[in-house]
Amino acid sequence: MFRSFLMFSFIALQITVIALPPTELSGSGIIPKPVSIIAADGIFALTEKSNIFISGESAELMQIGKYLSQKLQPSTGFGLAVKTFEGKPASGDFILAISSEDTQLGNEGYQITITPKAVNLIANKPAGLFNGIQTIRQLFPAKIEMSTLQQGPWEIPAGIIRDYPEYPFRGVMLDVARHFFQVDDVKRYIDLMASYKMNVMHLHLSDDQGWRIEIKKWPKLTSIGGSTQVGGGKGGFYSQEQYSDIVKYAAERFIMIIPEIDMPGHTNAALASYPELNCNDKATELYTGTKVGFSSLCTSKEITYQFITDVFGELAALTPGPYLHIGGDESHVTKLEDYIPFVNKVQTIVASVGKQVIGWDEIALSTLKPNSFVQFWAKADNAIKGVKQGAKVIMSPAANAYLDMKYNSTTNLGLNWAGYIEVDKGYSWDPATLVPGIGKENILGIEAPLWSETITNMEELEYMVFPRLPGYAEIGWSSPAVRNWQDYKTRLGKQNERFKALQIDYYPSKLVQW
Ligand code: TNX
């Protein structure tokens with residue numbers, strides 16, 4: 001009797017702990033929301049016999065196939081082989097194919113056809129395949145993301161998903177100047193953003209408190225300027241090899257790195273390293289506080305432009321992407337009559353090293369080159385001045401998209417000068433209607449910056465970035481026609497298990513049922 005009672009409770013327990021996999025493809029948890037999902041009959045099962053077939057001999061496709069294999073390996077324990085496609089796939093295979101027939105998919109879109117036999121992923125370009133893999137990851141149970149061996153089954157209900165982005169530019173910015181972040185931290189951030197199909201990482205590499213990139217012609221920038229950070233810690237910098245390693249790691253995940261050297265303001269670390277960059281030829285003291293707007297390069301000196309040419313020359317050589325970010329914000333101690341010609345000259349220097357300029361919205365006060373971009377953060381008037389000059393805008397409105405703004409008055413980390421950004425506020429805006437006079441045709445995309453005055457390590461970074469980042473990813477990827485908070489918050493709540501599997505320290509907002 002006692003034994004059968006035990007048996008009974010054992011069975012009951014088993015029933016409650018086994019979450020049955022879904023039998024119909026709803027894609028209900030996917031972030032960013034795909035363009036269309038159509039369910040079909042049947043279920044695909046990944047097994048230890050599954051292979052990954054790629055269409056044609058290509059190092060890039062091989063690398064994407066291996067990326068998928070490596071993502072699935074730790075939790076499933078399967079070592080999926082990546083093979084060049086020949087003949088028919090067997091049951092349980094993935095097929096990754098480039099096909100240029102479906103032009104609607106563009107450079108980053110994809111289509112996934114899931115049948116009981118195979119998962120067939122097609123795209124026009126490798127980036128599309130990479131994005132499709134991010135969707136496939138979310139179609140499996142969340143424990144697929146665990147770093148230790150888990151029990152299957154590893155199933156996906158059949159159906160077809162078609163998907164492509166609203167904007168080509170979907171970014172984050174990380175301020176490694178106020179507090180320095182090691183290469184491995186940056187790589188983890190890259191992996192996390194890639195899983196939500198974001199494709200740009202802007203690195204804020206210099207500010208008053210620190211210079212974080214080795215420049216061979218100006219070595220004191222890092223030996224002196226990189227030696228501290230906010231609060232007086234030891235700071236740090238990336239050697240050119242380390243920076244290139246980040247660029248390569250990002251590129252393998254179809255993410256472009258945009259390096260920023262902020263100028264003429266936010267330059268105390270450089271001014272402390274080289275006296276000649278100051279109008280009075282005296283080096284400033286290193287600075288470890290959090291004030292802004294007190295420093296300026298000497299705009300009237302020839303050496304200043306030689307310095308900028310050298311710095312951007314070396315950075316351009318290390319950066320395959322087309323952009324160099326010149327900052328340009330909060331130059332409160334640079335007179336406007338000096339600021340405007342300065343920005344004009346810097347645009348010419350950037351062009352001379354073969355790159356295009358991005359700058360914070362203040363740069364629109366100058367005469368923009370036809371291929372310069374304005375990053376809207378604070379003043380709509382500035383951004384509109386940029387649009388009137390024909391420039392495209394990157395939308396980073398501080399009151400909606402700043403990852404360093406507190407969630408609410410009880411958040412310990414972060415700042416609140418642009419207000420609080422709860423998860424719903426971060427999600428519920430449309431870049432194309434936020435600022436009258438800036439429409440979709442004027443917008444390159446969106447970027448969510450994390451300034452690090454108060455953010456000292458990865459745990460703190462993740463708490464501010466999650467769970468807001470998937471929302472910014474969705475704003476950049478999904479059409480406003482399919483976006484609304486009620487639907488989104490249900491999908492976000494379901495990401496909970498994925499955050500846990502990936503060991504993300506997120507803020508469990510009360511607005512979301514986790
Ligand atoms: C304004 S946003 C700044 C940064 C600060 C940030 C803090 C921008 C272009 N400039 O220097 O770190 O506020 O939120």
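Data block above holds the structure.
Conventions adopted
Residues numbered from 1 in each chain as written. Predicted model: local features only at pLDDT ≥ 70, side-chain atom pairs only at ≥ 80, totals over all residues. Heavy atoms only, no water. Helix = DSSP H or I, 4+ residues; strand = E, 2+ residues; numbered from the N terminus. Rg over C-alpha atoms; globule rule 2.2 N^0.38 Å. Contact = heavy atoms within 4.5 Å. Areas by Shrake-Rupley, 256 points an atom, 1.4 Å probe, with all protein chains shown as cover. Lys, Arg positive; Asp, Glu negative; His and termini not counted. Charge placed at Lys NZ, Arg CZ, Asp CG, Glu CD. Disulfide = S-S within 2.5 Å. Expected span 1.5 Å × (residues − 1). Buried < 20%, exposed > 50% of the residue type's maximum accessible area, 1.4 Å probe, protein only. Phe/Tyr/Trp six-rings, centres within 6.5 Å; stacked < 30°, edge-to-face > 60°. Lys NZ or Arg CZ within 6 Å of the ring centre and 35° of its normal.

Draft legend 1. Seen up close, the overall build of the chain. A count of helical and extended segments in the chain gives 16 helices and 17 strands. Relative to the compact-globule value of 24 Å for 514 residues, the chain shows a C-alpha radius of gyration of 25 Å, a close match. Counting only C-alpha atoms, the chain reaches 90 × 55 × 45 Å along its principal axes. Taking all contacts inside the chain whose residues are at least 6 apart in sequence as the whole, residues at least 24 apart take part in 72%. Summing over all exposed atoms, the chain offers an accessible surface of approximately 20,700 Å²; the carbon and sulfur share of this is 56%. Looking at charge distribution, the chain has the averaged site of its 46 positive side-chain charges lying 3 Å from that of its 53 negative ones.

Draft legend 2. Structural view of the environment of Asn-120. Within the secondary structure, Asn-120 is located in strand S6 (residues 118-123). Contacts of Asn-120, omitting those with residues within four sequence positions, involve Ile-95, Gln-111, Ile-112 and Thr-113.

Draft legend 3. Representation of the state of the cysteines in the model. For the structure shown, the criterion picks out one disulfide. A sulfur-sulfur distance of 2.0 Å marks the disulfide that ties Cys-279 to Cys-298. Taking the sign of the S-S torsion, 95° for the link of Cys-279 and Cys-298, the bridge is right-handed. Of this pair, Cys-279 sits in the loop between helix H7 (268-273) and helix H8 (302-318) while Cys-298 is found in the loop between H7 and H8, placing the two residues 19 residues apart along the sequence.

Draft legend 4. How the structure looks around helix H3 (residues 126-139). In this model, H3 (14 residues) spans 20 Å end to end at C-alpha, consistent with the 20 Å of a helix rising 1.5 Å per residue. Taken across its 14 residues, H3 has 14 buried, putting it largely inside the fold.

Draft legend 5. Layout of the packing of aromatic side chains. For the coordinates displayed, the defined rule picks out 26 aromatic pairs. Ring geometry for Tyr-402 and Trp-451: centres 6.3 Å apart, planes at 50°, overall tilted. Separated by 49 residues along the polypeptide, Tyr-402 in the loop between helix H11 (398-401) and helix H12 (423-427) and Trp-451 in the loop between strand S17 (443-450) and helix H14 (458-465) bring together distant segments of the chain. When its relative accessible area of 8% is taken as the criterion, Trp-451 is described as buried. Here the aromatic rings of Tyr-506 and Trp-514 are separated by 5.0 Å at their centres, their planes lie at 55°, and the arrangement is tilted. Members of the aromatic cluster, joined through ring pairs, are Tyr-196, Phe-466, Phe-499, Tyr-506 and Trp-514. Cation over ring: Lys-143 sits above Trp-154, and NZ or CZ is 5.6 Å from the ring centre.

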